[in-house]
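Here's the letter readout for the chains.
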Amino acid sequence: MKTYTEKQLASRISNIRSVENVMSKYAFLTYYKRFSEAMQKYWCAPDLEPTLTTNDRKYTGYAAVYHHLVECGEEDTRRDNEVMRRLFPDEFADKQDSEMWGAGTAMVHTITTPVIELAEDEATAKGMFYSLGACTEIDPDQGPKAFWVWEKYAADFVKEEDGWKIWHLVVMTDFKAPVGENWAKVNLAPTGSYYTAYKPDITPQEGVPVPKPYETFQDTFSY
């Protein structure tokens, strides 16, 4: 086991705590549907070529990640706002999008069980987390509808001048099921080439490896 001076240990503890905070702050902003702010504050610079991987897709480069997280997120929210105006005219018929942004939704993605490994050079870090999601989405006919969405997150983080940022993010969705239904029988999470969602007839899927100690990013794998 490596021995650190008090100054080194303090630096490492501070950096690990900051990495954990980045992931949690990002989750809070996405709950509020402040997609653009979340991307600007907590994702790395475009020239670092960030990536986002889901069960069935991989988005490579800042423009692709931005389109999926921000543009598609905002488009979905505007569509949901229209549904809410139609279903709840007394409350929302005369409201602009800015006045009712995300009304009826509640995308709770808790950040739990952190496993964080800070590189010896303290320039990058790797993290894995589990998220127990309680999500309320907008059904076009029924309005707000509750789902359980449980996922694993794995991320590479890079330290920039203004702090730690998400560099590569993998979102492995184990299951998505309407509240009140048995997710062993109803699982809406996609199974794709990058991750296999929960199925009752297969073993639990590891997905990507749990972070291990490393010296520099060149010495480890990339999420």
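Structure's up top.
Residues numbered from 1 in each chain as written. Predicted model: local features only at pLDDT ≥ 70, side-chain atom pairs only at ≥ 80, totals over all residues. Heavy atoms only, no water.

A few points about the overall build of the protein
- Check the secondary structure of the protein and you find 4 helices and 7 strands.
- For the protein, the succession of helices and strands along the chain, N to C, is α-α-β-β-α-α-β-β-β-β-β.
- Relative to its length of 223 residues, the protein is compact, with a C-alpha radius of gyration of 19 Å against a globular reference of 17 Å.
- The principal-axis extents of the C-alpha atoms in the protein amount to approximately 65 × 45 × 30 Å.
- Taken over 223 residues, the protein has a buried fraction of 42%.
- By sequence separation, contacts in the protein at least 24 residues apart represent 57% of the contacts at least 6 residues apart. (Helix = DSSP H or I, 4+ residues; strand = E, 2+ residues; numbered from the N terminus. Rg over C-alpha atoms; globule rule 2.2 N^0.38 Å. Buried < 20%, exposed > 50% of the residue type's maximum accessible area, 1.4 Å probe, protein only. Contact = heavy atoms within 4.5 Å.)

Concerning the side chain of T105
- In this structure, T105 sits in the loop between helix 4 (89-92) and strand 3 (106-109).
- In terms of polar contacts, T105 uses its side chain to reach the backbone carbonyl oxygen of G102, at 2.6 Å.
- Look past the residues within four positions of T105 in its chain and what remains in contact with it is K33, D80, T136 and I138. (Polar contact = N/O pair within 3.5 Å; in protein donor to acceptor, adjacent residues only side chain to side chain.)

Here's the deal with the pairing of strand 7 (residues 163-178)
- Judged by how many residues are buried, strand 7 sits mostly within the fold: 15 of 16 residues are covered.
- Strand direction decides the pairing type here: strand 1 (residues 51-53) and strand 7, joined by 3 bridges, are parallel. Looking at strand 7, one finds that L52 is bridged to L169.
- Bridging between strand 6 (residues 143-160) and strand 7 involves 14 bridges; their strand directions are antiparallel. Bridge pairing links E160 to G163 in strand 7.
- Adjacent in sequence and paired antiparallel, strand 6 and strand 7 are bridged by 2 residues. (Pairing = 2+ DSSP bridges.)

Description of unusual backbone geometry
- Phi angles above zero are rare outside glycine, and T113 is one such case at about 45°.
- Relative to the helices and strands, T113 is located in strand 4 (residues 112-118).
- We classify T113 as exposed; its relative accessible area is 52%.
- Here E122, not a glycine, exhibits a phi torsion of approximately 60°, which is positive.
- Judged by its relative accessible area of 17%, E122 is buried.

Some thoughts on the layout of surface pockets
- Within this model, the largest pocket holds a volume of roughly 1300 Å³.
- The wall of the largest pocket is formed by 38 residues, among which H68, M107, H109, E137 and E151 lie closest to the centre.
- Those elements giving two or more residues to the lining of the largest pocket turn out to be helix 1 (6-31), helix 2 (35-42), helix 3 (62-87), strand 3, strand 5 (124-139), strand 6 and strand 7.
- With 8 residues, helix 3 is the largest single contributor of residues to the lining of the largest pocket.
- Split by residue class, the lining of the largest pocket holds 19 nonpolar, 10 polar and 9 charged. (1 Å grid on protein atoms, 1.4 Å probe; cavity = no way out; pocket = protein on both sides within 12 Å on 5 of 7 lines; lining within 4 Å. Points joined across faces, edges and corners; volume = space filled by probe spheres on them. Nonpolar A, V, L, I, M, F, W, Y, C, P; charged D, E, K, R; others polar.)

The analysis is restricted to geometry; functional conclusions fall outside its scope.
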